[in-house]
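Here are the chains, one letter per residue:
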Amino acid sequence: MESHDGAWSLKEVQKLEGHTDRVWSVAWNPAAGVAGVPAMLASCSGDKTVRVWEQNPSSSSWFCKAVLDETHTRTVRSCAWSPSGKLLATGSFDATTAIWENVGGDFECVSTLEGHENEVKSVCWNASGSLLATCGRDRSVWIWEVLPGNEFECASVLQGHTQDVKMVQWHPTMDILFSCSYDNTIKIWAEDGDDDWHCVQTLSEANGGHTSTVWALSFNTAGDKMVTCSDDLTIKVWETDSAKMMSGDGYVPWSHVCTLSGYHDRTIFSVHWSREGIIASGAADDAIRFFVESKDGSVDGPSYKMILRNEKAHDMDVNSVRWSHGENRFLASASDDGTVKIWELVPVI
Amino acid sequence: MVSELINANPVVYEKKERRVRSTPSCVDEYAAEPIDQLEIFDHLRDIKDPEHPYSLEELKVITEDAIEVDDSNSYVRVTFTPTVEHCSMATIIGLCLRVKLMRSLPSRYKVDIRIAPGSHATEAAVNKQLNDKERVAAALENPNLVDMVDECLAPSNGFAG
């Protein structure tokens, strides 16, 4: 797929309807869509519910398998599957994070994490599933340790952002946490070996960073590049020294590589990097765009080019775009129009 | 309600005469009629000020000229002028404008709300908050704020004074 240099087209596979308010976020179950297990997707919404969608193996069409309701009392802002796909964490404006267990296709709320003063805005599991991070309007980032028996213990409360924290994201291979905020910065948090977590780097306007709210971030598969998107209408790519990073020789800082501007003309809410190296972005201009690293050998270092856009991917703002992990590579998008769409990016021969 | 008003003596202006829309010479009842400045202004002019028994029009917090509309691109920008520079009600007024437009305009519309440049001490902070839809969504789940907004948006019964 990545070797394809020609044109691409975006095929709408299916529109998933059911939510009665804006859909904020989507998450693919990483254990599904592989080895004969049907692909599975969770979506969460301003209607206070979470919907789990599954692909019917015989018809290939998607259906709503479960509605997770009557737990959160306000908007469900974020959802994330544990690496094993057995647990789903959901963060809500009701200040709680709920943990749902998939028991033979039924979802039971097995734990509720309380601690944030108000809206929880993002939840994320680390690569091994041993840690869960949450963040919210109270400007804090929480790290929870996952204990046996669906117990969660707060390992650290990280203060440092000066405004609400929009998203938390673990590095794909290392236990390093990234958070982005309404304060226009991205903060990087690492453990010092004594179970204490500290901010090891802040990426702000001064280091080539964003000039308004940073809404989301995502990593490439190798974990040596990161992409961020913002209310400043730009997408930025960041890089770290991968060889030095792998040697485990202390913290290796990240630096700004390039800025993609002039594409989206309203707030960019979501970016996601596919395993094949394609960056998808979704924004308040209702559009989804796709970028790849340009191999044109620029002397100024790596540059990125847009390979495709769908100007009217949804009827309203696109809040979340997510590539699937499975054998069939889908993109899911969530929108203010209350729908989730499943897309396939296909080469035009 | 409030013991000390932020602006105790606001200047009250006369309401503009309601204009009747000019009817185009060739009437095609099936043609979509574009949304214009006056239509947006009509949605907003009667919103009540959070602390005075006057409308936003009477206080010149909004005027017809402060509304930019581009119907073909489904875009509206409303620029409002708080009555005093330190008006702590600016966020509530902005929220009222946004909610009223959310309820009145087709969902295809993109709306920006901003404070008139130079008219408020914390202009940038208020603008950022009013245009962060996540903060707006959270505010609109707060029953106290929703009550305040609904009160400002309630149709007025007769005239005060």
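Keep in mind the model is a prediction, meaning the values are calculated, not measured.

Residues and elements named next belong to chain A. Sequence positions flagged by UniProt for "repeat: WD" (unreviewed entry) are, in local numbering, residues 16-54, 69-101, 113-146, 158-189, 207-248 and 311-345. Along residues 158-189, the helical share is 0% and the strand share 53%, with 8 Å between the first and last C-alpha atoms. Secondary structure across residues 311-345 comprises 0% helix and 51% strand; the distance between its end C-alpha atoms is 15 Å.

So, about the side chain of A:Asp286. Turning to its location among the elements, A:Asp286 is positioned in the loop between β23 (279-283) and β24 (288-294). A polar contact is formed between the side chain of A:Asp286 and the backbone nitrogen of A:Asp317, at a distance of 3.2 Å. Separated by 2.5 Å, the side chains of A:Asp286 and B:Lys110 make a polar contact. Sequence-distant contacts of A:Asp286, that is, excluding residues within four places in its chain, are made with A:Asn310, A:Glu311, A:Lys312, A:Ala313, A:His314, A:Asp315, A:Met316, A:Asp317, A:Val318 and B:Lys110.

Residues and elements named next belong to chain A. Taken together, the four strands give an open sheet; going across it, the order is β2-β3-β4-β5, and neighbouring strands pair in antiparallel fashion. Pairing within the sheet leaves two strands with one partner each, and these edge strands are β2 (23-28) and β5 (62-68). Strand-to-strand twist of the sheet, defined as the mean angle between neighbouring strand axes without regard to direction, takes the value 25°. Inspection of the sheet shows strand β4 (residues 50-55) paired to β5 by six bridges, in the antiparallel sense. What sits directly across from Glu54, in β5, is Phe63.

To find leftover empty space, a probe the size of one water molecule is rolled over the atoms. In this structure the tally under the stated criterion is one cavity of 30 Å³ or more. If you go around the largest cavity, the residues you meet are B:Ile6, B:Asn7, B:Asp49, B:Glu51, B:His52, B:Thr83, B:Val84, B:Cys87 and B:Met89.

All names here are of chain B. Remark: helix α1 (residues 37-44) packs on helix α2 (residues 90-104), axes separated minimally by 9 Å, with the N-to-C direction vectors making an angle of 120°. Between α1 and α2, the angle is such that the two are oblique. Crossing handedness for the pair α1 and α2: right-handed. Contacts between α1 and α2 involve Ile40, His43 and Leu44 from the former and Leu97, Lys100, Leu101 and Ser104 from the latter. Taken together, the residues of the contact of α1 with α2 sort by class into four nonpolar, two polar and one charged.

Residues and elements named next belong to chain A. Under the criterion given, the structure shown has 15 aromatic pairs over all chains. Between the aromatic rings of Trp81 and Phe107, the centroid separation amounts to 6.0 Å while the plane-to-plane angle is 65°, which identifies the pairing as edge-to-face. Note that Trp81 is positioned in strand β6 (residues 76-81) and Phe107 in strand β9 (residues 106-114), a separation of 26 residues in sequence. Here the two residues Trp81 and Phe107 agree in accessibility, since each one is buried. Between Trp273 and Tyr304 the ring centres are 6.3 Å apart and the planes differ by 80°, which places this aromatic pair in the edge-to-face class. With Trp273 in strand β22 (residues 268-273) and Tyr304 in strand β25 (residues 303-310), this pair connects stretches of sequence that are 31 residues apart.

With that out of the way, let us pick up the sheet that holds strand β28 (residues 340-347) of chain A. Residue and element names in this part refer to chain A. Spatial ordering of the open sheet is given by β1-β28-β27-β26, a layout of four strands whose pairing is antiparallel. Of all the strands in the sheet, the pair left with one neighbour each is β1 (8-16) and β26 (318-323). In this sheet, adjacent strand axes meet at a mean angle of 25° when their direction is disregarded. Two elements, strand β27 (residues 330-335) and β28, share five bridges in a ladder whose sense is antiparallel.

Now for unusual backbone geometry. Despite not being glycine, A:Arg139 shows a phi value in the positive range, around 75°. Assignment of secondary structure puts A:Arg139 in the loop between β11 (131-136) and β12 (140-147).

This paragraph deals with the environment of A:Met167. All names here are of chain A. Structurally, the position occupied by Met167 is in strand β14 (residues 165-170). Looking at Met167, the relative accessible area reads 10%, which means it is buried. For the pair formed by Met167 and Val141, sequence separation is 26 residues and the distance between their alpha carbons is 9.3 Å. If sequence neighbours within four positions are ignored, Met167 has contacts with Ser122, Cys135, Phe178, Ser179, Cys180, Trp215, Ala216, Leu217 and Arg322.

What counts, and at which threshold
- Numbers given to residues run from 1 along each chain, matching the order in which its sequence is written.
- Written order decides the labels, with chains lettered from A and ligands numbered from 1.
- With the structure being a predicted model, the display of local features is reserved for residues of pLDDT at least 70 and the display and counting of side-chain atom pairs for 80 or more, all residues being used for whole-chain, interface and lining totals.
- The basis for every side-chain value is the complete set of non-hydrogen atoms in the structure, without hydrogens or water.
- UniProt positions are given in the numbering used here, feature names are shortened, and annotations may be inferred rather than shown by experiment.
- Helix and strand labels come from DSSP, where a helix needs a run of H or I of at least four residues and a strand needs a run of E of at least two; each type is numbered from the N terminus.
- Under the rule applied, a polar contact is a pair of N or O atoms within 3.5 Å (in protein, one hydrogen donor and one hydrogen acceptor; residues adjacent in sequence only if both atoms are side-chain atoms).
- Residue contacts are counted whenever heavy atoms from the two residues lie within 4.5 Å of one another.
- At least two DSSP bridges between two strands are required for those strands to pair.
- For helices, the axis comes from a line fit to the C-alpha atoms of the stretch in contact; other axes are also lines fit to C-alpha atoms, and the angle between any two N-to-C directions lies between 0 and 180 degrees.
- Throughout, the protein atoms alone are placed on a 1 Å grid, and a set of points is a cavity if a 1.4 Å probe fits but cannot get out or a pocket if it is open with protein on both sides within 12 Å along at least five of seven lines; lining residues have an atom within 4 Å of a point.
- Grid points are joined across faces, edges and corners, and a volume is the space filled by probe spheres set on the points.
- What sets the label is the angle itself: under 35 degrees gives roughly parallel, over 145 gives roughly antiparallel, 65 to 115 gives roughly perpendicular, and the rest give oblique.
- Each crossing gets its hand from how the near helix is turned against the far one by less than a right angle, where anticlockwise is left-handed and clockwise is right-handed.
- Put simply, Ala, Val, Leu, Ile, Met, Phe, Trp, Tyr, Cys and Pro go in the nonpolar bin, Asp, Glu, Lys and Arg in the charged bin, and everything else, Gly too, in the polar bin.
- Two aromatic rings, drawn from Phe, Tyr or Trp (for Trp, its six-membered ring), form a pair once their centres lie within 6.5 Å of each other, and the interplanar angle then sorts them: stacked below 30 degrees, edge-to-face above 60, tilted otherwise.
- A 1.4 Å probe rolled over the protein chains alone gives each residue an accessible area, and that area as a share of the maximum for its type sets the label: buried under 20%, exposed over 50%, partly exposed in between.

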